Each structure stands twice: as structure tokens, then as C-alpha cells.
Amino acid sequence: MRTEQINPRYVELDSWSAAEMIAAMYDEQLAAAAAVRGALGAITAAVEDAVPALQRGGRIVYAGAGTSGRIGVQDGSELPPTFDWPADRVVFAMAGGLDALVRSAEGAEDDEAAGAQAVADAKIGADDVVIGMAASGTTPYTIGILRASSAAGAVTIAVANNPGAPLFDVARHRILVDTGSEVIAGSTRMKAGTAHKIVLNLFSTAVMVRMGRVYRGLMVDMRARNAKLRRRAEAMVSEIVRCPGRDAARYLEQADGDVKTAVLLGFGLGRSEAAQLLQRHGGNLRSAINESTRDDG
């Protein structure tokens, strides 16, 4: 496997100065980011397949072991505060359980049956989107997750860093990020981990945009749960409606902190009318504003 190979460039790494080491590792991080470009088509296809399933009420499931699992938990944990994605529609299947986030559970990744059991326990079905990540692409636990999820009819996505990885054989969508060997042989928390983080950033953000949770580059589904976020919400309403901040604050108060509703209030709709309009358009603010504008015309 390429991720396990020794890179001749770094065999004397431990004799280098700190500055030399850091510069070399930085170059490899850039190479990891560049490697993602070759996977953009596969990421796009996965997004296009995932959105309809999620629109039917499905969940996003992150599955993995070690570094890959931890990166998945990080990505999924940020969906509720950023996009107000329902917390009960994010599922984590981590080898060794969530305790493995802070304590290594290396042996747990070798249990394919445990992966299959996690799918049964979570009642994965056809409307769910399951992302399985493994740098090597050989992790039995993650293979078990994707194999059982595919059998259940779920949208399955494999992310791995080695061509021909067995993980790809059990998933509908195959995202290969060929990052090659690591600065420290086999330490896939480095280049491979960086690539996984980028892939998940691209995938989950694109999904949320397509789900109507972003408008004009703004996270309009965000919930203002602290002072910083309240200021951000006011700024968003002010920017979209083109109104003073004090008016934006008033619209937000009338909308119980819901940015989309506050925007429509700012455009002159009543609270009930705004709620009905958003419901009619599946929460898509752009579509709701367009209809409101046509009606005004």
C-alpha cells in the first residue's frame, strides 16, 4: 500500500533541523490538498446522490476507525451548529465506540462483524447516506459498515488513499485521494488525514448548500445561541434585507432568532405568511424570496 511505503526523501528526517523538517512536512500537506483535485468528480457524484436521500428524511452516517473516524466525528459534529442540521440525523459509527475519540482502540478496527452490527443497531436504511473512511482502504470494521449499509440500500461512499482498496468494492461511490507515502511511513494522520478532512469539508458543505441551508454565501440556517452568533445573525439579516442593524435585531426577535423568517419579515411579510412560504419551498430562502418578489411585482 502506498500509504505504508517508506519515502526515500525522508529516511534521514530525524537528523534534520526543526526548520528543515517543518518545511518538508508543509510541502507534503500542500501535496495532500492537491491530490484531492483528482477526486472532485467523485465527490460531486456522491453529493448529487446524497441530497435526494436526505431530502426524504435520511441521516448522514460517518464511519471509521482511528484518525479517519475522528475526522468524521469532527465534520458531523459541526453540522448542527453551522447549518442547524438536526442532531438526530447525524450518526457516528466509530470503531471502539466514542471513547476511541480520546483513547486509542487499535484492535477494534479489525472486527468486520462489529461494523455490520453497528449498521443493524442504527437501523440504516435506503434514505441514509453512509460515509466510510479508511486511509488504507482495508480496515475490516469500516468495510463491514459499508458492506451492510449497501445491502440495506443506503447511499454508500468510500473514502480511501490507496488505489484498488477493498473498501471501494463495497460502496456505491468511490472517492480515491492518492496521497502516496507519508513523511513518517504509515503515519496516515498526516497527508491522508488532511485529505480526508478536505473531502468531508467539500462533501458536507456542498450537501448543506444544495439542501437550501446557505443563501448568498451566508449560513442562514444557523441558530444564534450565543452573543457572537447573535451578532452574526443580525449582520446576515441586515446584509440581505439592506436594513440597519437595529431593524435586523427587531426582525430576529420577532422571528424567535430564525434568520430566514427574519429576512422575510424584513421584506414585509407577516410571521405566519413567512413561515408558510418557507414551508412551501422546503426551507429554501432563495426560492421563497423569489416567490415573494414575483407576488410584489
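For the structure itself, look to the data block above.
Residues numbered from 1 in each chain as written. Predicted model: local features only at pLDDT ≥ 70, side-chain atom pairs only at ≥ 80, totals over all residues. Heavy atoms only, no water.

A separate point is the packing of helix 9 (residues 245-254) against helix 10 (residues 259-266). Direction vectors running N to C along helix 9 and helix 10 enclose 120 degrees, while the axes themselves pass 8 Å from each other. The angle between helix 9 and helix 10 falls in the class oblique. The hand of the helix 9/helix 10 crossing is right-handed. Residues Tyr251, Leu252 and Gln254 of helix 9 lie in contact with helix 10, whose contacting residues are Val259, Ala262, Leu265 and Gly266. Within the contact of helix 9 with helix 10, the residues separate by chemical class into five nonpolar, two polar and no charged. (Axes fitted to C-alpha atoms, helices over the stretch in contact; angles between N-to-C directions. Helix = DSSP H or I, 4+ residues; strand = E, 2+ residues; numbered from the N terminus. Parallel < 35°, antiparallel > 145°, perpendicular 65-115°, else oblique. Left-handed = near helix turned anticlockwise from the far one by under 90°. Contact = heavy atoms within 4.5 Å. Nonpolar A, V, L, I, M, F, W, Y, C, P; charged D, E, K, R; others polar.)

Moving on, we come to the sheet that holds strand 5 (residues 173-176). Pairing is parallel across the open sheet formed by five strands, whose spatial order is 2-1-3-4-5. Bordering the open sheet on either side are strand 2 (90-94) and strand 5, each of which pairs with just one other strand. When the angles between neighbouring strand axes are averaged without regard to direction, this sheet yields 15 degrees. Across five bridges, strand 3 (residues 129-133) lies against strand 4 (residues 155-160) in parallel orientation. (Pairing = 2+ DSSP bridges.)

Nonpolar side chains in soluble globular proteins tend to be buried together. Of all hydrophobic cores here, the largest spans 32 residues; its most connected members are Ile131, Phe203 and Val207. Within the residue set of this core, elements represented by two or more residues are helix 1 (18-36), helix 2 (40-55), strand 1 (60-64), helix 4 (79-83), strand 3, strand 4 and helix 7 (191-210). Among the elements that take part in this core, helix 2 stands out by supplying seven residues, more than any other. Discounting residues that sit within four places of it in the chain, Ile131 has contacts with Ile60, Val61, Tyr62, Ala63, Ile157, Val159, Leu200 and Phe203. (Core = buried A, V, L, I, M, F, W, Y, C linked by side-chain atoms within 4.5 Å. Buried < 20%, exposed > 50% of the residue type's maximum accessible area, 1.4 Å probe, protein only.)

This paragraph deals with the side chain of His173. Within the secondary structure, His173 is located in strand 5. Among the polar contacts listed, one links the side chain of His173 to the side chain of Asp49, at a separation of 2.7 Å. Apart from the residues lying within four places of it in its own chain, the contact partners of His173 are Ala45, Ala46, Asp49, Val155, Thr156, Ile157 and Ala158. (Polar contact = N/O pair within 3.5 Å; in protein donor to acceptor, adjacent residues only side chain to side chain.)

Purely geometric numbers; function is a separate question.
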